[in-house]
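# An overview of the molecular structure
One-letter residues, chain by chain:
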Amino acid sequence: MAEIEPPRDYEELIRLVHERFENMSKSYQKISVYLTQNPNDVAVLSVSAIAERCGIHASSFVRFAQSLGYEGFKELQGLFQKRLSTAAPGFEARVRALEAELGARTDRSELGFLRDLVVRDMASLQDLLAQVSAEDMARAVDLLEKSDTIYLIGQLRSAPVVDLLRYVLTMLGKRCVLLDPSGGLATYMARTMTKSDLLLAVSFRFYATEVVNVVEQVAEKGVPIVAISDSTLSPLAKSASVLFAVPEHEYTFSRSLAAPMCLAQALTVALASRLQDSSNDPRIPTVTGQ
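None of these values were measured; they are calculated from a predicted model.

Cut-offs used in this document
Residues numbered from 1 in each chain as written. Predicted model: local features only at pLDDT ≥ 70, side-chain atom pairs only at ≥ 80, totals over all residues. Heavy atoms only, no water. Pairing = 2+ DSSP bridges. Helix = DSSP H or I, 4+ residues; strand = E, 2+ residues; numbered from the N terminus. Axes fitted to C-alpha atoms, helices over the stretch in contact; angles between N-to-C directions. Core = buried A, V, L, I, M, F, W, Y, C linked by side-chain atoms within 4.5 Å. Buried < 20%, exposed > 50% of the residue type's maximum accessible area, 1.4 Å probe, protein only. Contact = heavy atoms within 4.5 Å. Salt bridge = Lys/Arg side-chain N within 4 Å of Asp/Glu carboxyl O. Parallel < 35°, antiparallel > 145°, perpendicular 65-115°, else oblique. Nonpolar A, V, L, I, M, F, W, Y, C, P; charged D, E, K, R; others polar. Polar contact = N/O pair within 3.5 Å; in protein donor to acceptor, adjacent residues only side chain to side chain. Left-handed = near helix turned anticlockwise from the far one by under 90°.

The strand order across the open sheet formed by 5 strands is 2-1-3-4-5, and the pairing between neighbours is parallel. Both edges of this open sheet fall to strand 2 (176-178) and strand 5 (242-245), since each of them pairs with a single strand only. Strand-to-strand twist across the sheet, computed as the mean angle between neighbouring axes with direction ignored, equals 15°. When strand 4 (residues 225-229) meets strand 5, the two strands line up parallel, connected through 4 bridges. Paired with A227 across the bridge in strand 5 is L243.

Ranked by internal contacts, the top residues of the largest apolar core, which has 33 residues, are L200 and F244. Take this core: its biggest share by element is 7 residues, from helix 13 (residues 258-276). Residue contacts for L200: discarding those within four places in its chain leaves L144, I150, Y151, L152, I153, L165, V226 and I228. Within the second largest apolar cluster, 28 residues are counted, among which are Y10, F21, A43 and F80.

In the segment running from R205 into F206, the intervening peptide bond is cis, with an omega of 5°. Topologically, F206 is positioned in the loop between strand 3 (198-202) and helix 12 (209-220). Positive phi, close to 55°, is recorded for L156, a residue that is not glycine. For L156, the location among the structural elements is in the loop between strand 1 (150-153) and helix 10 (159-171).

Before going further, it helps to spend a moment on the environment of I228. Within the secondary structure layout, I228 lies in strand 4. Accessibility expressed as a relative area gives 0% for I228, which makes it buried. Separated by 17 residues in sequence, I228 and A245 place their C-alpha atoms 6.2 Å apart. With residues up to four places along the chain from it excluded, the contact list for I228 reads L200, A201, V202, S203, F204, L236, F244, V246, P260 and L263.

Moving on: the pattern of salt bridges. Following the criterion strictly, the structure yields 6 salt bridges and no others. A salt bridge links E22 to K238, with the shortest nitrogen-to-oxygen separation between them at 3.1 Å. Remark: K238 occurs in the loop between strand 4 and strand 5 and E22 occurs in the loop between helix 1 (10-20) and helix 2 (26-37); sequence separation between them is 216 residues. The pair formed by E22 and K238 is uniform in burial state, with each residue classed as exposed. A salt bridge links R274 to E145; the nearest nitrogen and oxygen atoms lie 3.0 Å apart.

Two elements in contact, helix 2 and helix 4 (residues 47-54), have axes whose closest approach is 11 Å; the angle formed by their N-to-C orientations is 110°. In terms of axis orientation, helix 2 runs roughly perpendicular to helix 4. Taken together, the residues of helix 4 that come into contact with helix 2 (itself represented by K30, I31 and Y34) are I50, R53 and C54. Class assignment for the residues of the contact of helix 2 with helix 4 results in 4 nonpolar, no polar and 2 charged.

Let us now look at the side chain of Q217. Along the chain, Q217 turns up in helix 12. A polar side-chain atom of Q217 sits 3.4 Å from the main-chain carbonyl oxygen of T187. The residues touching Q217, leaving out its near neighbours within four places in the chain, are T187, A190 and R191.

Axis separation between helix 10 and helix 13 bottoms out at 10 Å; the angle between their running directions is 15°. For the element pair helix 10 / helix 13, the angle class is roughly parallel. Between helix 10 and helix 13 lies a crossing whose hand is right-handed. Seen from helix 10, the contacting residues are P160, V161, L164, L165, V168 and L169; seen from helix 13, they are P260, M261, A264, Q265, T268 and L271. A class-by-class count of the residues in the contact of helix 10 with helix 13 yields 10 nonpolar, 2 polar and no charged.

The structure is reproduced here in structure tokens:
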């Protein structure tokens, strides 16, 4: 007999997972991240297949479900199956559809690798469009527009995203500061931020320690934060005013930045549209313009 009342629907389940996440074991945290990032796959795959993809024994999934009040994993999985009846196709389903449309890859040539990456990027971009809400986009652009200074931080694989943001925001005439890790000054530079500023942080698994520390430090000061990460269970999530969770479906050498780059560009294009609505502001300058 279950000791606690289990969540009755998918939304309630996800809320409970978020509430308990910080106190979970490492294996339960890994399971939680997989469930939140791949809900459609959880609905249709066997527990053995899910466990193999997650790299954790299937019995751990059963115990995880029981810790939430369910008799077993099948009962928990039923919430994901009910959700799937009204959900958009999952990432793997999109990949299969694109491969069917474009023709399955049968070679391991250099061009074949390019084609495979393009197919997965297309699926990732479709996922992005389905998951990002209009409310989050509008709220994030509001914060970008109203901020006195936009501070940017992203290290390791996230660095190209904040480099792009710095370039475009500078071209828009927005004052921005890149919290560069060189010299070990990023943490100290972040201390100069005020509540009228904004921190835009980008970080994916494995999360750069300094980025996480800066986000937590800034949040304590009440500075608004827009975060781009890979999960609603990311260490950036609890501090973010607006969180864009862009799931990464495979932790491989070829992990792509197509979706987060597209999201970053969309935010700056939306901001540019607002800035250009003002007749008092000059035309947005371009480096290559004559």
